[in-house]
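Reading the structure
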Amino acid sequence: MKVAVVGAGIVGLSTAKALVKRGHEVHVFEQFPLFHDRGSSHGRTRIVRKAYTSAFWTGLMTEAYPMWADLEAQTGQKLVTECGLLYFGNRDSERIQTGIAALESLSVPHEVLGPAKAPQKLSRLRLDGGEVGIFTPEAGYVRADLALRVTYDVCVAHCVQFHLSKGDPHELAQSHDLCIVAAGGWITNLVPDLDVRVTRQTFGYEQTPIEGAVWIDDTTLAYGFPSDDLGAKVGAHENGPLTNPDDMGVPGTEDMEVINSALRDRFGITKPDVQHVTTCIYTSTPDEMFRMGWVGDNILFASCCSGHGFKLGPWTGRTLAGITEGQPIPSEFHFQA
Ligand SMILES: Cc1cc2nc3c(=O)[nH]c(=O)nc-3n(C[C@H](O)[C@H](O)[C@H](O)COP(=O)(O)OP(=O)(O)OC[C@H]3O[C@@H](n4cnc5c(N)ncnc54)[C@H](O)[C@@H]3O)c2cc1C
């Protein structure tokens, strides 16, 4: 089949790669220069975890993990680092309590650590007496920037054709057998009634070294990564302001306050020095599920969002390639446009 893919974020690139490897002729249309910083897939890292507190997402990650390993083997690049994830907060908080119960019921390896032991997993961390950290070792981060590059390289090596152009799915559906729209926050241009919120999140890189696990603060939903040459990436997960992805956008002052407070209160960094501050488009649904569906007979769309999109990129690419060849859309994700 001759397939057009709209969007060259992690979802579009992974889909193009999966399709071309199955022998399809693939054309990718991207409105901005490749690897730009206007969408959802840029930046150094994304959290990956093998186990969620939900059997559904854990099942998908069980499929996705070996796909990352395959991509590493194919390209010789180390993409995933398992440094563990420390989720910390008040012992009595509902998310902490339900999280521990779910990890136990799913037999997911984890440790619940008090204020004395939690810093062994995450340098500088300060917890109060009533707080705990839940450490899951089978988690860490994927190098998002490298993952995009090597997925693109595999596409090029298999003769995917890239077009720097804004694609109109309805027109592309006439000149191709199928058009797959992986447009990130721009998806509502095609499906205006899709139940997604498009917000603008802020993140940056703290210059004081922080070592150990990736982390999420249950109280503020600030999150962060161990330091690398850019610094320790730190961001605010709570939905930022609603945004139009066509706007350039500026870092949010509220998000920066959450980030700086976390650095001060949790890591004792009295004068945070967050560099390379930027924004990222976050697309989320009320139930945190992805959305996939058909517009007409030959436009397939996917909104792979709610903070799961990157780690499941290769899985999503394979799934969309399968749908192209007649497999059904997973019922949990199906949206009737
Ligand atoms: C701050 C932040 C933190 C996150 N943390 C995590 C995390 O820890 N773990 C995780 O798994 N996920 C995380 N996510 C989510 C994840 O990054 C996204 O779900 C994923 O990157 C979405 O990829 P995408 O390809 O769908 O979108 P995008 O990367 O935005 O790609 C869509 C592309 O489509 C292009 N496009 C749109 N319309 C057109 C058109 N008409 N013609 C041509 N091109 C078009 C856009 O220019 C864009 O390049 C995070 C997201 C953000 C913003």
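Rules used in this analysis
Residues numbered from 1 in each chain as written. Predicted model: local features only at pLDDT ≥ 70, side-chain atom pairs only at ≥ 80, totals over all residues. Heavy atoms only, no water. Salt bridge = Lys/Arg side-chain N within 4 Å of Asp/Glu carboxyl O. Near = heavy atom within 4 Å. Polar contact = N/O pair within 3.5 Å; in protein donor to acceptor, adjacent residues only side chain to side chain. Areas by Shrake-Rupley, 256 points an atom, 1.4 Å probe, with all protein chains shown as cover. Helix = DSSP H or I, 4+ residues; strand = E, 2+ residues; numbered from the N terminus. Nonpolar A, V, L, I, M, F, W, Y, C, P; charged D, E, K, R; others polar. Domains from an automatic or database assignment. Pairing = 2+ DSSP bridges. Contact = heavy atoms within 4.5 Å. Axes fitted to C-alpha atoms, helices over the stretch in contact; angles between N-to-C directions. 1 Å grid on protein atoms, 1.4 Å probe; cavity = no way out; pocket = protein on both sides within 12 Å on 5 of 7 lines; lining within 4 Å. Points joined across faces, edges and corners; volume = space filled by probe spheres on them. Buried area = accessible area lost by both parts, 1.4 Å probe. Phe/Tyr/Trp six-rings, centres within 6.5 Å; stacked < 30°, edge-to-face > 60°. Buried < 20%, exposed > 50% of the residue type's maximum accessible area, 1.4 Å probe, protein only.

Description of the pattern of salt bridges
Taken as a whole and assessed by the stated rule, the structure comprises 13 salt bridges. What you see here is one network of salt bridges that share partners, running through Arg44, Arg143, Asp145, Asp228 and Asp229.

Let's talk about the site of the ligand
Looking at the ligand, there are 35 residues lining it, with Glu30, His36, Ser41, Cys280 and Lys311 nearest. One nitrogen or oxygen atom from the side chain of serine 41 is found 2.5 Å from an oxygen atom belonging to the ligand. At 3.5 Å, a backbone N or O of histidine 308 approaches an oxygen atom of the ligand. Protein chains shield 94% of the accessible area of the ligand, which is 1,000 Å² for the free molecule. Elements with a minimum of two residues in the shell around the ligand: helix H1 (10–21), strand E2 (25–30), strand E3 (45–49) and strand E15 (274–284). With 3 residues, the single largest contributor to the shell around the ligand is E15. The residue inventory of the shell around the ligand, partitioned by class, reads 17 nonpolar, 14 polar and 4 charged. Split by domain, the shell around the ligand shows at least three residues from each of two domains, domain 1 (2–78 + 143–195 + 286–333) and domain 2 (85–137 + 197–284).

Some words on the sheet that holds strand E8 (residues 139–143)
Judged by pairing direction, the sheet is antiparallel, and its 3 strands sit side by side in the order E3-E8-E4 without closing on themselves. The outermost strands of the open sheet, each flanked by one partner alone, are E3 and strand E4 (80–81). Judged from the 5 bridges that link them, E3 and E8 form a sheet pairing that is antiparallel. Looking across to E8, one finds that isoleucine 47 is bridged to tyrosine 141. Its contacts with the sheet place helix H2 (residues 55–75) against E3, E4 and E8, and it is angled at close to 130° to E3. Packing against the sheet, helix H4 (residues 144–157) makes contact with E3 and E8, and its axis sits at approximately 50° to E8.

Description of the layout of surface pockets
The probe, sized like a water molecule, is rolled over the atoms to show the empty space still left. Reported here for the second largest pocket is a volume of approximately 240 Å³. In terms of lining residues, the second largest pocket is bounded by Ser14, Lys17, Ala18, Lys21, Arg22, Met67, Asp70, Leu71, Gln74, Thr151, Pro314 and Arg318. Looking at the lining of the second largest pocket, the elements that each hand over two or more residues are H1, H2 and helix H7 (313–324). Residues that form the lining of the second largest pocket fall into these classes: 4 nonpolar, 3 polar and 5 charged.

Here's the deal with the domain arrangement of the chain
Looking at the assigned domains, one finds that the chain contains domain 1 (2–78 + 143–195 + 286–333) and domain 2 (85–137 + 197–284). Here domain 1 and domain 2 have C-alpha centroids that lie 26 Å from each other. The interface of domain 1 with domain 2 comprises 25 residues on the first partner and 27 residues on the second. Interface area for domain 1 against domain 2, summed over the two sides, is near 2,100 Å², with a carbon-plus-sulfur share of 58%. For the interface between domain 1 and domain 2, the tally reads 2 salt bridges. Among the ionic pairs, aspartate 228 bridges to arginine 44, the shortest N-O distance being 3.1 Å. Scanning the region where domain 1 abuts domain 2 turns up 11 residue pairs in polar contact (both at pLDDT 80 or more). When residues in the side of domain 1 that touches domain 2 are grouped by element, the largest group, 4 residues, is from E3. In the side of domain 1 that touches domain 2, the residues fall into 7 nonpolar, 12 polar and 6 charged.

Overview of the sheet that holds strand E16 (residues 291–295)
Overall, mixed pairing links the 6 strands, which are arranged E9-E2-E1-E10-E17-E16 in an open sheet. Of all strands in the sheet, those bounded by a partner on one side alone are strand E9 (161–164) and E16. When the angles between neighbouring strand axes are averaged without regard to direction, this sheet yields 20°. The pairing of strand E1 (residues 2–6) with E2 spans 5 bridges and is parallel. Looking at the pairing, lysine 2 lines up with glutamate 25 of E2.

Considerations on the packing of aromatic side chains
Tallying each qualifying case throughout the model produces 17 aromatic pairs. Relative to phenylalanine 290, the ring of tryptophan 57 lies with its centre 5.4 Å away and its plane at 65°, an arrangement referred to as edge-to-face. In this pair, tryptophan 57 is assigned in helix H2 and phenylalanine 290 in the loop between E15 and E16, connecting sequence segments 233 residues apart. Taken individually, tryptophan 57 and phenylalanine 290 each receive the classification buried, so the pair is uniform in this respect. Ring centres of phenylalanine 203 and tyrosine 205 lie 6.1 Å apart, and the angle between their planes is 80°; on these two criteria the pair is classed as edge-to-face.

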